[in-house]
Amino acid sequence: MSLRIAKDASGQYVHTPSMEAKKHKIASFGTRQRVENTAVVERFLRELVADIPPDKKTLEQRKYTFAAAEQLPLIENRDLIAIAQQWEQQGNPVPETLLQLLRKRSVRTISGVSPIGILTKPYPCPGKCVYCPTEDRMPKSYMSNQPAAARALRNKFHPYDQVINRLHALEDSGHPVSKLEVIVMGGTWSFLPKKYQSWYCKKIYDAANDDGRVHATHKSLSASQHANETAARKIIGLTLETRPDFITPKELYRMRQYGCTRIEIGVQTLDDTVQTLTKRGHKKAEVVRAMRLMKDYGFKVCWHLMPGLPGSTPEKDLQWLREVFEDPDCRPDFVKIYPCVVLETAELKQWWQEGRYQPYTDEQLIKLLLQFKTFVPPWTRVMRLMRDIPVTNILDGAKFSNLRQILRSQPEKLREIVGEQWYTAYQAERAEESGSWPCRCIRCREIGFQSFATAAEVPVPVLKRRSYSASGGTEEFLSFESEDEQHLFALLRLRRPSGKSPLLQWEGILGEGCALIREVHSYGSEIAVGDSAGVGQHRGLGTRLMHEAERLAREEWGCHTMTVIAGVGTRDYYRRFGYTLQHTYMVKRLLQSH
Ligand code: SF4
């Protein structure tokens, strides 16, 4: 059920009568015909459960047929979801496959975690990057008609209001909000005043802690975090966006105080000449230095990459994109690809007008990205292939927002863009390599994105282990995957730190003899099967990975301590394994087995 609050005249958060009425409407399943039609909606939901539509299109057709037969208006998905939630409370859950069809955008929470993207206030950025847009009332690099930016503007960039509004929107469209990954965007986080940073993060936790009755408020950031450990809406991860040249031990220490678990850095390219030409202000050396610190302190790291920059060519881009994964000093855990485009308010517009810059054609870009996808390692997640920019803002450059879809499942469109000859050659090459989709990245293999008619069709997960060196340390990527490695059920990132990063107050938990878990993620409970029986066998994989990581660290590396960079909302989960909170990390002494 949605719990709503609003501000009263004094600025306090309360339930207003109108909000109470709205809450009641939702809880009591609406007004007018909705209340009258509850029994009909229940009957229709029963029909859907008995014969789950294979896709959203069929679901819509069934709704139209039902409405015509009953001579009623079309039943809305949120009404079906409200009934499904009532059934769930009565111990009669609706299959997840059907719920995913009913949710507005099932992709949002496919990994069981609801992302909440919010922006910081407009504030100067130390960067002078020529491709970056500038709008007066926006943080650097954001445009007011981007969805997240528009939401932030409506909420006057207040973190509390932004989070509350996103929670309501997610709940109204039937998404679970018990596990939240908050992503803070808006220029360079590290350049913001420290007092603002601390206030901002506290408000995020306060919003998640709010139970809808009273505006949750605690005396300090750590008190708000402590309350979130047991709140109904837990913040299981906090992502902050910054520049590599602002990463220092002190900065990372501060980020840990805020509960940050993942850092996104703008790298853009590994070509130093291009960085200089585009006035980026840092080079590859700063990225390498920052990577070691971030990984040695347990953070997950996402790189923003920008093919097609001035001074580059598709050939040069391909070369440095390979380097991203082949150079052990690089190797990010996640990447977001934002091909360079010309925007109205960026300095690059002038270069373009003067003929000094021309973005890649659709054909050049798609060919480049298809090649890039073939060498992404199985331990990296490609989170985005395009930036979420309204096409009206793009003066020149690629305008696709559904690039992944085109690459993966729209062969006709792909053929049209890259040309018959190239497409045929590409397909022939793929056929030689078994013809399967070439990308082995995490996102392309997550089991939650695939549907199975029955539980019996779900492949059996087996334990896999991949070792690689990164930033002077050793990384073990442990996972449960199908035997053919096409389906990923769960993953864990284990690191043996380089031993070269300053330890600050973390001597006993990150130093000699300590192993570090940087991520645990299980997709087992989100497997979409028409017949929910048997899905339970895919649960508990995260626990098995934890045990394997502890065994490996203890027996193979001789480590005496395991440290987990846990999001505030996951601390209780690790307590179950015997971990205790020490200096913002969850820590456990490993006993040597005999
Ligand atoms: S550092 Fe980022 S936000 Fe700042 S100017 Fe460069 S691209 Fe824009």
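### Some points on the overall build of the protein
Item 1. When you go through the protein residue by residue, the secondary structure sums to 23 helices and 20 strands.
Item 2. Counting across all 594 residues of the protein, residues that qualify as buried make up 57%.
Item 3. Pairs at least 24 residues apart make up 70% of the contacts formed inside the protein by residues separated by at least 6 positions.

### Description of the site of the ligand
Item 1. Around the ligand, the neighbouring residues are Cys125, Gly127, Cys129, Cys132, Lys140, Ser141, Gly187, Arg243 and Arg280.
Item 2. For the shell around the ligand, the per-class residue count stands at three nonpolar, three polar and three charged.

### Considering the environment of Pro139
Item 1. Mapped onto the elements, Pro139 comes out in the loop between β3 (114-119) and α7 (147-154).
Item 2. When sequence neighbours within four positions are dropped, the list of residues in contact with Pro139 reads Leu119, Thr120, Lys121, Pro122, Tyr123, Phe157, Gly186 and Gly187.

### Looking at the environment of Arg415
Item 1. Summarising the element assignment, Arg415 is placed in helix α18 (residues 411-418).
Item 2. Spatially, the C-alpha atom of Arg415 lies 9.8 Å from that of Glu363, the residues being 52 residues apart in sequence.

### Quick notes on the sheet that holds strand β16 (residues 514-522)
Item 1. Read across the sheet, seven strands follow the order β13-β14-β15-β16-β18-β20-β19 without closing on themselves; strand pairing throughout is mixed. In the strand order of this sheet, the two ends are held by β13 (462-470) and β19 (580-582), each with one partner. For this sheet, the mean inter-axis angle between neighbouring strands, taken without regard to orientation, is 30°.
Item 2. Strand direction decides the pairing type here: strand β15 (residues 488-496) and β16, joined by six bridges, are antiparallel. Directly across from Arg493, in β16, lies its bridge partner Glu519.

### Digging into the confidence of the model for the protein
Regions with low pLDDT should not have their predicted coordinates read in detail.
Item 1. Averaged over every residue, the pLDDT of the protein is 84; residues scoring 70 or more account for 85%.
Item 2. For residues 1-35, every residue scores under 50 in pLDDT, and the model assigns this stretch 64 contacts once sequence neighbours within four places are set aside.
Item 3. Scored below 50 in pLDDT, residues 529-537 makes 20 contacts in the model with residues more than four places away or belonging to other chains.
Item 4. Interface scoring of the predicted complex returns ipTM 0.99; its pTM is 0.83.

### Details of helix α22 (residues 541-556)
Item 1. In this model, α22 (16 residues) spans 21 Å end to end at C-alpha, consistent with the 22 Å of a helix rising 1.5 Å per residue.
Item 2. Of the residues one or two after α22, Gly558 is the one with positive phi, at around 65°.

### Observations concerning the sheet that holds β3
Item 1. Read across the sheet, seven strands follow the order β3-β4-β5-β6-β7-β8-β10 without closing on themselves; strand pairing throughout is parallel. In the strand order of this sheet, the two ends are held by β3 and β10 (381-384), each with one partner. With strand direction ignored, the average angle separating the axes of adjacent strands in the sheet is 25°.
Item 2. Alignment of strand β4 (residues 179-185) against strand β5 (residues 234-242), held across six bridges, turns out to be parallel. The residue of β5 that forms the bridge with Ile183 is Thr239.

Analysis parameters
- Residues numbered from 1 in each chain as written.
- Predicted model: local features only at pLDDT ≥ 70, side-chain atom pairs only at ≥ 80, totals over all residues.
- Heavy atoms only, no water.
- Helix = DSSP H or I, 4+ residues; strand = E, 2+ residues; numbered from the N terminus.
- Buried < 20%, exposed > 50% of the residue type's maximum accessible area, 1.4 Å probe, protein only.
- Contact = heavy atoms within 4.5 Å.
- Near = heavy atom within 4 Å.
- Nonpolar A, V, L, I, M, F, W, Y, C, P; charged D, E, K, R; others polar.
- Pairing = 2+ DSSP bridges.
- Axes fitted to C-alpha atoms, helices over the stretch in contact; angles between N-to-C directions.
- pLDDT = per-residue confidence, 0-100.
- Expected span 1.5 Å × (residues − 1).

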